[in-house]
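# Analysis of the macromolecular model
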Amino acid sequence: MRGEDEHTIFLKDYAPSPYKIENVELDVRIDPGAARVRALLTIVPRDGTPPGTPLVLDGDGLALRSIAIDGLPLALTAYDETPSALTIIEPPVKRFVLETEVQLEPETNTRLMGLYRSNGTWCTQCEPEGFRRITYFLDRPDNLAIFKVRMSAEKALAPVLLANGNLVDSGDEANGRHFAVWEDPHPKPAYLFAMVAGDLGSIHDSFVTASGRTVALGIYCTHGKEAQCAWAMDSLKRSMAWDERRFGREYDLDVFNIVAVSDFNFGAMENKGLNIFNDKLVFVSPEAATDTDYDGVERVIAHEYFHNWTGNRITCRDWFQLCLKEGLTVYRDQEFSSDERSRPVKRISDVRLLRTAQFPEDGGPLAHPPRPSHYKEINNFYTTTVYEKGAEIVRMLATLLGEAGFRKGMDLYFERHDGEATTIEAFLKVFEDANGVDLSQFGQWYLQAGTPEVSISDSYDPARQTYTLTLSQVTQPTPGQPDKLPMVVPIKFGLVGPNGSPMSYSAVSGGRVDGDIIVLDTASATLEFSGVANRPVPSLFRGFSAPVKIRSTATEADQLFLARHDEDPFGRWQALQDVSMAMLVAAAGGQKWRDEQIDGLSRAIAETATHPTLEDAFKALAITLPGLTEIAQTKASNVDPDAILTARNSMIEEIVARAGSALESVYATTQNSAAYAPTPAQSGQRSLKNAALAYLVRGLGKRGADLAANQYRQAQNMTDRFAALSASVAAWTPQAAGLLGDFRTMYTADPLVFDKWLMLNAAAAQDETIDRMRAILADPDFPRNNPNRLRALVFSFANGNLTQFARLDGEGFRFVTSFVADVDTRNPQVAARVLTTFRSWRSYEPQRRTLAEAALRDLQQTGQLSRNAADILERTLAG
């Protein structure tokens, strides 16, 4: 196997570039079929750069048309041009202006990096290394420069011309063309550059900052979609107000624009003053989007806006520091959503994502530290470890320091590093300086891969009235890191008494306890609580205070007790998950649960579902059983997906047999005829109703199937219609195929709803699923280059349909590797992303494990793969 350009980049080799680009002036002429980019770069040698040191600028796929320094054309002997670089052999020893002109072909750019055309609109994506596909540059995050760009295009084709910063000039030109000049006064790295040219609709609003400045807000979109941008605009304004309240951060330009495009490899991009979004994270309406879609738009709008300070004003010194901006900003968007909606529900949702996506990454061949030491392809490190685990590290820091201490550190971070490209070490240092603490051991969270496993055991001595809690931690070896150090693990806790009330204690010894936080920073600790009148049930890791796996000796009775009485909502949810998970893992291994076990679980689910004071959204999460992927991850070895599916379906049927009347009552009492609104109360009610429906469709046979079909037909919003259709497909009711066909016909013209149809086709646990997917891909009208469509069909299949992906005949594995080989020639990022779904292939039972490896080996032998796909494949097979 060969990658297109095999190389490894090491953090230890970091050094500033010999030259710095201070100012950038671009003149971009856009025409159908081609674009011309004239760049004037003001460049200065850094202190200590020896005279005669070559200037090496990054490039990728550029056609150089002219080159000059200080207005004088360069001789052919004065520079060297290769496919990946432009080298000025002996630059001037003082400040100079390099002028280049290159030609691009945006229409043929299927990689969607650099300048490309999406549905008639020209747009850019430059993170991490896309600017080198626009012009020659020091395309690295530590070169911060002032950008000014002049854009011109035919006015009929592109009446809208947008770029970073503030609009400083615009007007008409000859031959039906026009121009716009944008200037960003804030120095930024090239990865934050953006421009858009096209015929777009828009909505506009304004926001008055805390200091009284008025900021013009615009969202640009496909014509006819303007009304579907209203929620995004509302989310933006709430995000701006929240960042002022919570972190004291005010917006710093005169305008803030968002553009929604249909072809985009990422979710969104935080380009300074001009965010570019995947349209699925902007467009929502009750008829075409679910509550989950509304939540996603709100969250990502906030995330990209928050990057203005944590990512743009303060950016990364190098790509090894990616977690600095992404982990911190994910934490900020999580806090925003928690404040806007339900903190317990948001926390549970975030933990579910962490466990289903990041824990397997941390425990498999693709494991890497949040701040890696090396990489071959940086695009492959936009991972859940960098984002979600990175956010958990920041959350632990906030837990340990407290709200006031964390805010002091953040204030100092903004004060000390504004306008800089900085590092993880500098980030931790501000919290040390602001709070007078030593975070050297805590910093290991950024440097060490793997998920710590915390084991818990306890005992109670009634004669001495002492309660003993023993904790130990271990992190398993990961690729390149066989030996692990103990981590700083904050454990939020409480002791729950026999009557369900909190218990107090008079003293504690044997470890570090700060208020309601146990700090485990050694391999093991035994804490003794004295003055404990009765045996308590410990409630540990409240709010999931650390991203660890928990191994507890707690009895099933204690877990069910916590499910009823823990004052921590996360603890209640976790207790129910633990009980059902243990039963499901045992059943998947051939050990069926006892009647009294399923009786106890069913009672707890019924009590939770009908609880008078718990939030509906929380109740929906609490009664939902672990999914197939979660069960497989917990089982961890000799995984048989068919056995897991059988066990889970059997559990649902037995719960409905015992608690069906309660679930039917919940379903009936949560019906709501009010006009749709994406409020926490309404969306919570819908989520509880649809969680009950999922049980009833599986457990009531024909009657349950009819319930779902009726809800589908009568639904007044997409949330309820899609939930009914999903439940029908999951149980593959007699109506499922017909409802799928009706759904496709009803929403033929909406690409984002088409994605939902694709996902459901891919989700069916049927042997016909792969043939159905092949037929969809073979349809000449299927958009084979659109990342959303490809991810909705193939990634969702490989990531979510465990029984068909891991079929006993190996056809699921072969289908996915064949897809990867094909799409890799057009869009390596999509191919590599899909290939990561093989990260747990070694956990299957022997026959499936052999088939998975064979499919991967066959892919390895296909010939030339992109660097993206080759890197993932190499690590997946080697780990």
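Residues numbered from 1 in each chain as written. Predicted model: local features only at pLDDT ≥ 70, side-chain atom pairs only at ≥ 80, totals over all residues. Heavy atoms only, no water.

## Things to note about the overall build of the protein
When helices and strands are tallied, the protein shows 25 helices and 33 strands. Its C-alpha radius of gyration of 28 Å places the protein within 12% of the 29 Å reference for a compact globule of 879 residues. Overall size of the protein, expressed as C-alpha extent along the three principal axes, is 90 × 65 × 60 Å. With 879 residues in all, the protein has 60% of them scored as buried. A sequence separation of at least 24 residues applies to 71% of the contacts in the protein between residues at least 6 apart. For the protein, the accessible surface area stands at approximately 32,600 Å², while carbon and sulfur atoms represent 51% of it. Taking the average place of the 90 positive charges on the side chains of the protein and the average place of its 113 negative ones, the gap between the two points comes to 2 Å. (Helix = DSSP H or I, 4+ residues; strand = E, 2+ residues; numbered from the N terminus. Rg over C-alpha atoms; globule rule 2.2 N^0.38 Å. Buried < 20%, exposed > 50% of the residue type's maximum accessible area, 1.4 Å probe, protein only. Contact = heavy atoms within 4.5 Å. Areas by Shrake-Rupley, 256 points an atom, 1.4 Å probe, with all protein chains shown as cover. Lys, Arg positive; Asp, Glu negative; His and termini not counted. Charge placed at Lys NZ, Arg CZ, Asp CG, Glu CD.)

## Things to note about the side chain of Asn-801
In this structure, Asn-801 sits in the loop between α20 (787-800) and α21 (802-805). From its side chain, Asn-801 meets the backbone oxygen of Ala-762 in a polar contact 2.8 Å long. Once residues lying within four places of it in the same chain are set aside, the contact partners of Asn-801 are Ala-762, Ala-763, Ala-764, Ala-765, Thr-769 and Ser-796. (Polar contact = N/O pair within 3.5 Å; in protein donor to acceptor, adjacent residues only side chain to side chain.)

## Quick notes on the pattern of salt bridges
Under the definition given, this model contains 78 salt bridges. Residue Asp-254 is joined to Arg-213 by a salt bridge in which the shortest nitrogen-to-oxygen separation is 3.8 Å. A residue pair is termed long-range when its members are at least 10 positions apart, and Asp-254 in the loop between α1 (230-247) and β19 (255-261) and Arg-213 in the loop between β17 (201-208) and β18 (214-221) qualify at 41 residues. A cluster of three or more residues bridged by salt bridges with shared partners is formed by Asp-234, Arg-238, Asp-295, Glu-298, Glu-340 and Arg-341. (Salt bridge = Lys/Arg side-chain N within 4 Å of Asp/Glu carboxyl O.)

## Re the pairing of strand β14 (residues 166-172)
Relative to strand β15 (residues 177-188), β14 runs antiparallel, the two sharing six bridges. Residue pairing across strands places Asp-169 opposite Val-181, the latter belonging to β15. Taken together, β14 and the strand that follows it, β15, pair antiparallel across an intervening segment of four residues, in which Asn-175 is found at a positive phi of about 60°. (Pairing = 2+ DSSP bridges.)

## Structural notes on the sheet that holds strand β33 (residues 549-552)
An order of β28-β31-β26-β25-β33 is seen for the five strands of this open sheet, with the pairing classed as mixed. Both edges of this open sheet fall to β28 (507-509) and β33, since each of them pairs with a single strand only. The average undirected angle you get between the axes of adjacent strands in this sheet is 20°. Relative to strand β26 (residues 466-474), strand β25 (residues 453-461) is paired through nine bridges, and the arrangement is antiparallel. Looking at β26, one finds that Asp-458 is bridged to Leu-469. (Axes fitted to C-alpha atoms, helices over the stretch in contact; angles between N-to-C directions.)

## Re helix α15 (residues 702-714)
The end-to-end C-alpha separation of α15 is 18 Å, in line with the 18 Å expected for 13 residues at 1.5 Å each. Among the residues of α15, those classed as buried are Gly-704, Ala-705, Ala-708, Ala-709, Gln-711 and Tyr-712. Buried residues of α15, viewed axially, fall in a sector of 160°; they line one side. Along α15, exposed side chains directed more than 90 degrees from the buried face belong to Lys-702, Arg-713 and Gln-714. In this structure, the buried side of α15 is in contact with α13 (641-669), α14 (680-699), α16 (718-731) and α17 (736-746). (Expected span 1.5 Å × (residues − 1). Arc of directions from axis to C-beta.)

## Section: the environment of Ser-818
Its location among the elements puts Ser-818 in helix α22 (residues 811-823). The class of Ser-818 is partly exposed, set by a relative accessible area of 48%. Along the sequence, Ser-818 and Thr-862 sit 44 residues apart, while their C-alpha atoms lie 9.7 Å from each other.

## A few points about the pairing of strand β3 (residues 34-45)
Counting buried residues in β3 gives nine out of 12 residues, a clear majority hidden from the surface. Here 12 bridges tie strand β2 (residues 19-31) to β3, and the two strands are oriented antiparallel to one another. In the sheet register, Arg-29 faces β3, and the bridge partner there is Arg-36. Hairpin connection between β2 and β3: a loop of two residues separates the two successive antiparallel strands, and Gly-33 in this loop has a positive phi of roughly 90°.

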